[in-house]
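Chain residues, written in single-letter form:
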Amino acid sequence: MQKSAKTYFTSTLLSWAEQQEQRDMPWKATKDPYKIWLSEIILQQTRVEQGRPYYLKFIAAFPTIKDLAEAPEEQVMKLWQGLGYYSRARNLHAAAKHVMEEHLGVFPKEHKDILALKGVGPYTAAAIASFAYELSYAVVDGNVYRVLARYFGIHSAIDSSKGQKEFRVLAQELMDENQASKYNQAIMDFGATQCKPGLPHCEICPLSSACVSYDTDLVKLLPIKEKKLKKKNRYFYYFVIRDAEGLYLAKREKKDIWQHLYDFPSIESAQLKEPSIVINEAKEKLRELELEYLGISDPYKQVLSHQNITAYYLEFESSKNIPDNWKSAEKATKTKLKKYALPRIVERYLLDKSLISKEGESS
Ligand code: SF4
């Protein structure tokens, strides 16, 4: 590829960025690596509008990395509740502790040390290194793959290691080393607002005259992915066991979705089961507790990136007080229930049952 083609791409992209109205993002006005890191972790799987209130809540609760490192895990998880991909919160907390112990509380300045932090991959490391320290590491994410694949007409699969290497090399060559943060921000914004996945604005694109896919009508085809994502179906049959004081919650300890969040004791199936079969299984499992079976809820659904979750809630009541702990479950009193970090599908059920109230409302 001609050097001039790359130079044209970079300079056109940078002048496009200069003409754009800056979106109001609180983390853009700072060079504080802690705040940039926090915003980048939040934005890894989350839209800006959804992430903004979480960022503000975290900064208010933990103004410095020391505050975050010293916070109890429950507080971090609770603040993260509703944002999904909970490993991000656990990694954030672990990385804050690591910075306190290994870097004397000073956020690392070198790319390799940033990349070594838990939860920080090549994309996030490049973003932090360039935004906080102007180090010239090019970001490569879904937006960048799309822009480069379309503009340069690249047919290599973006989910193959060969393709990814090709895109990484090209992205680094395109970067303006003297304007690392501006360049990275520009290509991300361009992918998010101009060369969008579904409907790119090709007619008003400053790069259209040299864009290979626009010229050859391949915009809809690129970028190419090798594998189609197959989603797994999971059915959770939750046991909601209540007495007059509260109900049992179970902490999800396994390496799985929602690790360290709370839901209920349950049985899981890869197939939808007949309600009568599940009810009998549940009664068998719970026979040592003296319970009255009240009924089963309608299905609650939650779609995750790799899984479709369907949850049913089987409700049981005990006229006597149930013990504080039963197997791995612990009794949560009604007043304490809102302090637990819960998956959204569980929160929705508890809200429907008026067992908790929405944040900001009194219960
Ligand atoms: S012309 Fe269309 S496909 Fe090409 S870079 Fe611009 S927006 Fe993207």
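Residues numbered from 1 in each chain as written. Predicted model: local features only at pLDDT ≥ 70, side-chain atom pairs only at ≥ 80, totals over all residues. Heavy atoms only, no water.

**Q** I would appreciate a short explanation of helix 11 (residues 180–193) in the present structure.
**A** Three or four residues apart is the spacing at which side chains of an α-helix point the same way, because the helix has 3.6 residues per turn. Between its first and last C-alpha atoms helix 11 spans 20 Å; for 14 residues at 1.5 Å apiece the expected length is 20 Å, and the two agree. Of all 14 residues in helix 11, 11 are buried, a share of seventy percent or more. Considered for burial, the residues of helix 11 that qualify are Ala180, Ser181, Tyr183, Asn184, Gln185, Ala186, Ile187, Met188, Asp189, Phe190 and Gly191. (Helix = DSSP H or I, 4+ residues; strand = E, 2+ residues; numbered from the N terminus. Expected span 1.5 Å × (residues − 1). Buried < 20%, exposed > 50% of the residue type's maximum accessible area, 1.4 Å probe, protein only.)

**Q** Help me understand the packing of helix 2 (residues 33–42) against helix 3 (residues 48–61), please; the structure alone is not making it clear to me.
**A** Two quantities define a packed helix pair, namely the angle between the helix axes and the distance between the axes. Axis separation between helix 2 and helix 3 bottoms out at 10 Å; the angle between their running directions is 140°. By the angle between their directions, the pair helix 2 and helix 3 is classed as oblique. Relative to helix 3, helix 2 is oriented so that their crossing is right-handed. Contact residues: Tyr34, Lys35, Leu38, Ser39 and Ile42 in helix 2; Gly51, Tyr54, Tyr55, Phe58 and Ile59 in helix 3. Among the residues forming the contact of helix 2 with helix 3, the class breakdown is 7 nonpolar, 2 polar and 1 charged. (Axes fitted to C-alpha atoms, helices over the stretch in contact; angles between N-to-C directions. Parallel < 35°, antiparallel > 145°, perpendicular 65-115°, else oblique. Left-handed = near helix turned anticlockwise from the far one by under 90°. Contact = heavy atoms within 4.5 Å. Nonpolar A, V, L, I, M, F, W, Y, C, P; charged D, E, K, R; others polar.)

**Q** Honestly, the side chain of Gln259 in this entry has me stumped. Any pointers?
**A** Assignment of secondary structure puts Gln259 in the loop between strand 2 (246–251) and strand 3 (262–263). In this structure, Gln259 is in contact with Met77, Tyr86, Arg90, Arg252, Glu253 and Lys254, ignoring residues within four places of it in sequence.

**Q** Would you mind showing me how to read the side chain of Arg252 here?
**A** Its location among the elements puts Arg252 in the loop between strand 2 and strand 3. A polar side-chain atom of Arg252 sits 3.1 Å from a polar atom in the side chain of Asp256. When residues no more than four places from it in sequence are discounted, the contact partners of Arg252 are Arg234, Phe236, Tyr238, Ile257, Trp258, Gln259, His260, Leu261 and Asp263. (Polar contact = N/O pair within 3.5 Å; in protein donor to acceptor, adjacent residues only side chain to side chain.)

**Q** Just to check I follow, could you spell out the site of the ligand for this structure?
**A** Every residue near the ligand is listed here: Arg150, Cys195, Pro200, Cys202, Cys205, Ser208, Cys211, Ser213, Tyr214 and Val219. Across the shell around the ligand, the residue classes break down as 7 nonpolar, 2 polar and 1 charged. (Near = heavy atom within 4 Å.)

**Q** So what exactly am I meant to see when it comes to the packing of aromatic side chains here?
**A** Each aromatic ring pair is specified by the distance between its two centres and by the angle formed by the two planes. What the rule picks out here adds up to 24 aromatic pairs. A centroid spacing of 3.9 Å and a plane angle of 10° characterise the contact between Tyr313 and Tyr349, whose relative ring orientation is stacked. Of this pair, Tyr313 sits in strand 7 (residues 307–317) while Tyr349 sits in helix 14 (residues 344–352), placing them 36 residues apart in sequence. Accessibility assignment for this pair places Tyr313 and Tyr349 in one class, buried. One aromatic cluster is present, built from ring pairs that chain together Phe236, Tyr238, Trp258, Phe264, Tyr300, Tyr313 and Tyr349. (Phe/Tyr/Trp six-rings, centres within 6.5 Å; stacked < 30°, edge-to-face > 60°.)

**Q** I'm lost on the environment of Gly295 in this one. Help?
**A** Along the chain, Gly295 falls in strand 5 (residues 292–296). Gly295 sits 20 residues away from Glu315 along the chain, and the two C-alpha atoms are 5.5 Å apart. Look past the residues within four positions of Gly295 in its chain and what remains in contact with it is Tyr313, Leu314 and Glu315.

**Q** How should the nonpolar core be read in this particular structure?
**A** Here is a general trend for soluble globular proteins: nonpolar side chains tend to be buried in one another's company. Residues Phe9, Trp37, Leu148, Phe264, Tyr313 and Leu350 are the most contacted members of the largest nonpolar core, which totals 100 residues. Ranked by residues supplied to this core, first place goes to helix 8 (residues 122–133) with 8 residues. When residues of this core are assigned to domains, at least three map to each of domain 1 (3–215) and domain 2 (232–352). Not counting chain neighbours up to four residues away, the residues in contact with Phe9 comprise Val147, Leu148, Tyr151, Phe152, Leu174, Tyr183, Ile187 and Leu207. Ranked by size, the runner-up nonpolar core spans 17 residues in total, among them Val278, Ala282, Leu314 and Ile322. (Core = buried A, V, L, I, M, F, W, Y, C linked by side-chain atoms within 4.5 Å. Domains from an automatic or database assignment.)

The values are spatial; any link to function lies outside them.
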